[in-house]
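# Working through the structure, step by step
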Amino acid sequence: MGLVQDILDEGFSGIQHNFITARLEDLVRWSRARSSWPASFGLACCAIEMMATGAAHYDISRFGMEVFRASPRQADIMIVAGRVSQKMAPVLRQVYDQMMEPKWVISMGVCASSGGMFNNYAIVQGVDQVVPVDVYAPGCPPTPETLIHAIETLHGLIETGELLKRRVASGSGANVHVEAAPVPSQPVPVMLGAR
Amino acid sequence: MGLFEGFAITARQHRFFGGERVTNEYSGGRTRDQHDQKEAKPERVHGRHVLNRYEDGMEKCIGCELCAGVCPAKCIYVRGKDNDPENPTSPGERFGFVYEINYLRCIHCDLCVEACPTEAITESKLFEFSFLNRTDAIYTKTELVVGDDGRPQQMPWEDWREGDDTNTSAWMRATAPSGSAEFEGQVGWSGELGYGVRAPEPAQPERDATTKTVKAVRR
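Residues numbered from 1 in each chain as written. Chains lettered and ligands numbered in written order. Predicted model: local features only at pLDDT ≥ 70, side-chain atom pairs only at ≥ 80, totals over all residues. Heavy atoms only, no water.

Contact with chain A, which involves 36 residues of that partner, is made by 28 residues of chain B. Together chain A and chain B conceal approximately 2700 Å² of surface at their shared face, both sides included; 55% is due to carbon and sulfur atoms. Summed over the shared surface of chain A and chain B, the result is one salt bridge. Residue B:Arg134 is joined to A:Asp128 by a salt bridge in which the shortest nitrogen-to-oxygen separation is 2.5 Å. (Contact = heavy atoms within 4.5 Å. Buried area = accessible area lost by both parts, 1.4 Å probe. Salt bridge = Lys/Arg side-chain N within 4 Å of Asp/Glu carboxyl O.)

Right, let's get into the UniProt feature "domain: NADH:ubiquinone oxidoreductase-like 20kDa subunit" (unreviewed entry) in chain A. Cross-referencing UniProt, the feature "domain: NADH:ubiquinone oxidoreductase-like 20kDa subunit" (unreviewed entry) maps to residues 45-153 of chain A in the present numbering. For residues 45-153 of chain A, the helix share is 31%, the strand share is 12%, and the end-to-end C-alpha distance is 23 Å. (UniProt positions renumbered as here; feature names shortened; annotations may be inferred. Helix = DSSP H or I, 4+ residues; strand = E, 2+ residues; numbered from the N terminus.)

All right, on to a nonpolar patch on the surface then. All names here are of chain B. Taken together, the side chains of Met1, Leu3, Phe4 and Phe7 define a hydrophobic patch exposed on the protein surface, amounting to about 520 Å² of accessible area. Tracing the sequence through the fold places Met1 in the segment before helix H1 (2-12). Look at Met1 and you get exposed, because its relative accessible area is 74%. (Patch = residues over 30% accessible without salt bridge, like charges linked within 9 Å, V, L, I, M, F, W, Y side chains within 5 Å. Areas by Shrake-Rupley, 256 points an atom, 1.4 Å probe, with all protein chains shown as cover. Buried < 20%, exposed > 50% of the residue type's maximum accessible area, 1.4 Å probe, protein only.)

Time to look at empty space enclosed by the protein. All names here are of chain B. This structure, assessed with the given rule, holds four cavities of 30 Å³ or more. There is about 100 Å³ of room inside the largest cavity. For the largest cavity, the lining is made up of 15 residues, of which Cys61, Cys64, Cys67, Tyr99 and Cys116 are closest to its centre. In this structure, the second largest cavity encloses a volume near 60 Å³. Around the second largest cavity, the lining residues are His49, Cys71, Ala73, Cys75, Ile76, Cys106, Ile107, His108, Cys109, Asp110, Cys112 and Glu123. When its residues are assigned to classes, the lining of the second largest cavity shows eight nonpolar, two polar and two charged. (1 Å grid on protein atoms, 1.4 Å probe; cavity = no way out; pocket = protein on both sides within 12 Å on 5 of 7 lines; lining within 4 Å. Points joined across faces, edges and corners; volume = space filled by probe spheres on them. Nonpolar A, V, L, I, M, F, W, Y, C, P; charged D, E, K, R; others polar.)

Residues and elements named next belong to chain B. Examined bridge by bridge, strand S2 (residues 76-82) and strand S3 (residues 94-102) share seven bridges and lie antiparallel to one another. The residue of S3 that forms the bridge with Tyr77 is Glu100. Taken together, the two bridges between S3 and strand S5 (residues 138-139) define a ladder with antiparallel strand orientation. Along S5, the bridge assignment pairs Asn102 with Ile138. (Pairing = 2+ DSSP bridges.)

What follows is the structure, given as structure tokens:
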């Protein structure tokens, strides 16, 4: 029973492709893209625009995303909306780790993407230091149109399966490489104003 | 039967009973059908920047770095350089040699537009764009300078539609010349590639009388 063992080991990619399973994989990707529920991770003013995207005027239930899940186990896409403080970063990572595979991350707004105008010690300078980000939506805050553009870009990539292939190949998300900084044996004093 | 009264109100909103559709069916350009349309935008909306050129094709940017200095998010990086006297890039002594805007920091406050002494940097009306990596988000001068027709260059990750690139300048400043009686009816902006010299802005009362309220497009 090589086939069954392959599927148990590797999932869909373990199936030797014939025309039935190829269509099945298309169907799986299609359904992943069309019912990707977002985890609600609204942190600041971007969350207001995220709510506006969910409301009747923009209505992301058109893309099968109207159910913002409070439980990360039921969510597929995490929309990080707003500035992430250093204290919030471990929480963010934990919510991401609790989400079920396959999972994707949209970094909404400039604060989540790079710290934005808050270039200081309290704010994480880019949420991709904590979680692998797939799509960045610029703007302060992004309009619902910008968020819809980002969501639809991500949905297109989910439908082609490109992101998951890249993730398997590189072992990481989109363009992210995190490594621990080496800890010096002696404490290094911070010399402010020293020449 | 309070339950059905509620449903009846919802049902009466349906198009079948003459209700008005409130949902704007913009879908990021993925389904390019007749419903995939943007809402009408105000004429001074802040979007992606453009670097303008004069009518003879010279660049307006003089590399003075005032935009970089005023930027609250510190997202602009400019370096000026002396013009080659034989083959100048901009009229005058210097030109913007390096011009970079990081759109993962830009908050579209338009202070750079206010600060620019030569009206080189203005904003278009496009804000429907998103990036798949950080390098795409840093726009260099090659992407920001307008093309030979005076229109902004269109990147593959941007969703340009009709009207997003019209009047990228001359209406963008909050400190419009006609705000002061001294400048009423005077041409406030230098000529521009693709658009030419704009008509002067009318006086304030006149403009208030003619300004139409921008309403969302209903279908």
